[in-house]
Amino acid sequence: MADPTELTSEGAGAGVAEVDVCSLEIERKYDVIPAVICSMCCLFGIIYCFFGYRCFKAVMFLSGLIFGSVIIFLLCHKEHVLDTQLSVEASAGIGLGIGLLCGLVTMLVRSVGLFMTGLLLGLLLALAALLVTHQFYTPTTVWVPLGALLGSGMVFAVLTLQWQKLFTMISTAVFGAAIMTVCADYFVEMLVLTKHVYECLRLTTGPPLCWYSWVIMGIWPALSLVGVLVQWKLTDDSFSHTEVVMSRRQKRVQLMRIREKDAKKRQQAELPAKSSGQTNGHRHVC
């Protein structure tokens, strides 16, 4: 006859194994600084998603700032610099400084800013494709996701340089929607979806996503579509970043022409006065 204590322990183990992880309550412990940063990023995401093309210069600056800061921060924090391991604060300071320089370059040089905008679009679309395919197939080497990211980024960077207005609106809408999705992921499930994406890039298997994670994931394409439609409606044919640049140049040219006309009028007004003064002098001598 079996021991009842063994039966109870086996039943308890079976009950624990049958518990659905998605039905458990998520422990949310928000820190002040990450919550404030996430709220600010959500505000930037709204501006990106719905007013990205309208705020063309600001978007170009923020794209270079974010891209440069993140890349340099990861390099400084993960790798040894001058045979020393930098702290998080030092890595963040170095990344922010170089990110500011990158932001100024992308804002002042329009082709660089457009290239960076298209590169971000390609990286995000490749990331979404890798996340979906990871549910059915896991590559055996890290070069597959890396090649997909770089290849997609370069393709969309070239397309953005060719069709600037269209792909700028698509890129800003997709990037802003991605920022808002990450913020929602932080406030709802403490970045579970973001960590799952990171594990997919590292080709490591983790626990499957719950249904609410896929709901948060669905916010991204929905907001991207809404953002593209809103930007296309707001910037139908009445606004263009090239027209803004041309209008500034035209204003300068008009100012130069006005100044030249004023100078010519002054010269024409001074010539009769000089000639009359000379004739009066001759008469007085005679």
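Above: the structure in question.
Residues numbered from 1 in each chain as written. Predicted model: local features only at pLDDT ≥ 70, side-chain atom pairs only at ≥ 80, totals over all residues. Heavy atoms only, no water.

S.K.: Go over the overall build of the protein, please, and point to the residues and values.
M.R.: Counting its secondary structure elements, the protein contains 10 helices and 0 strands. Each helix (α) and strand (β) of the protein, taken in turn from the N terminus, gives the series α-α-α-α-α-α-α-α-α-α. Relative to its full complement of 286 residues, the protein shows a buried share of 29%. Considering only residue pairs separated by 6 or more positions, the protein has 80% of its internal contacts joining residues 24 or more positions apart. Just so you have it, the protein exposes about 18700 Å², and 69% of that area is on carbon and sulfur atoms. (Helix = DSSP H or I, 4+ residues; strand = E, 2+ residues; numbered from the N terminus. Buried < 20%, exposed > 50% of the residue type's maximum accessible area, 1.4 Å probe, protein only. Contact = heavy atoms within 4.5 Å. Areas by Shrake-Rupley, 256 points an atom, 1.4 Å probe, with all protein chains shown as cover.)

S.K.: Describe the nonpolar core, with residues and values.
M.R.: Within the largest apolar cluster, 34 residues are counted, with the highest numbers of intra-cluster contacts made by Leu 124 and Trp 220. At the level of elements, helix 2 (32–51), helix 3 (56–78), helix 5 (110–133), helix 7 (164–189), helix 8 (192–201) and helix 9 (211–234) are the ones that each hand at least two residues to this core. (Core = buried A, V, L, I, M, F, W, Y, C linked by side-chain atoms within 4.5 Å.)

S.K.: How would you summarise the state of the cysteines if you had to cite specific residues and measurements?
M.R.: What the rule picks out here adds up to 0 disulfides. Distance from the sulfur of Cys 183, which forms no disulfide, to the nearest cysteine sulfur (Cys 38) is 3.5 Å. Look at Cys 183 and you get buried, because its relative accessible area is 3%. (Disulfide = S-S within 2.5 Å.)

S.K.: Tell me what's going on with a nonpolar patch on the surface, and back it up with residues and numbers.
M.R.: Taken together, the side chains of Val 32, Ile 33, Val 36, Ile 37, Met 40, Leu 43, Phe 44, Ile 47, Phe 51 and Leu 234 present a nonpolar region at the surface, about 930 Å² in accessible area. With 9 residues, helix 2 is the largest single contributor of residues to the nonpolar patch. Here Val 32 is to be found in helix 2. Overall, the relative accessible area of 65% leaves Val 32 in the exposed class. (Patch = residues over 30% accessible without salt bridge, like charges linked within 9 Å, V, L, I, M, F, W, Y side chains within 5 Å. Salt bridge = Lys/Arg side-chain N within 4 Å of Asp/Glu carboxyl O.)

S.K.: Residue-level account of the side chain of Thr 181, with values.
M.R.: When you line up the elements, Thr 181 lands in helix 7. Apart from the residues lying within four places of it in its own chain, the contact partners of Thr 181 are Ile 216, Ile 219 and Trp 220.

S.K.: Kindly report on the packing of aromatic side chains, identifying the contributing residues and their values.
M.R.: Enumeration according to the criterion identifies 8 aromatic pairs in this entry. Summarising the aromatic geometry, the rings of Tyr 53 and Phe 56 are spaced 6.1 Å apart at their centres and angled 75° between planes, so their arrangement reads as edge-to-face. Neither Tyr 53 nor Phe 56 differs from the other in exposure class; each is buried. Here Tyr 186 and Phe 187 contribute two aromatic rings whose centre-to-centre distance is 5.2 Å and whose plane-to-plane angle is 75°, an arrangement assigned as edge-to-face. Linked through ring pairs, Tyr 30, Tyr 186 and Phe 187 together constitute an aromatic cluster. Here the basic side chain of Lys 165 rests over the ring of Trp 232, its NZ or CZ set 6.0 Å away from the ring centre. (Phe/Tyr/Trp six-rings, centres within 6.5 Å; stacked < 30°, edge-to-face > 60°. Lys NZ or Arg CZ within 6 Å of the ring centre and 35° of its normal.)

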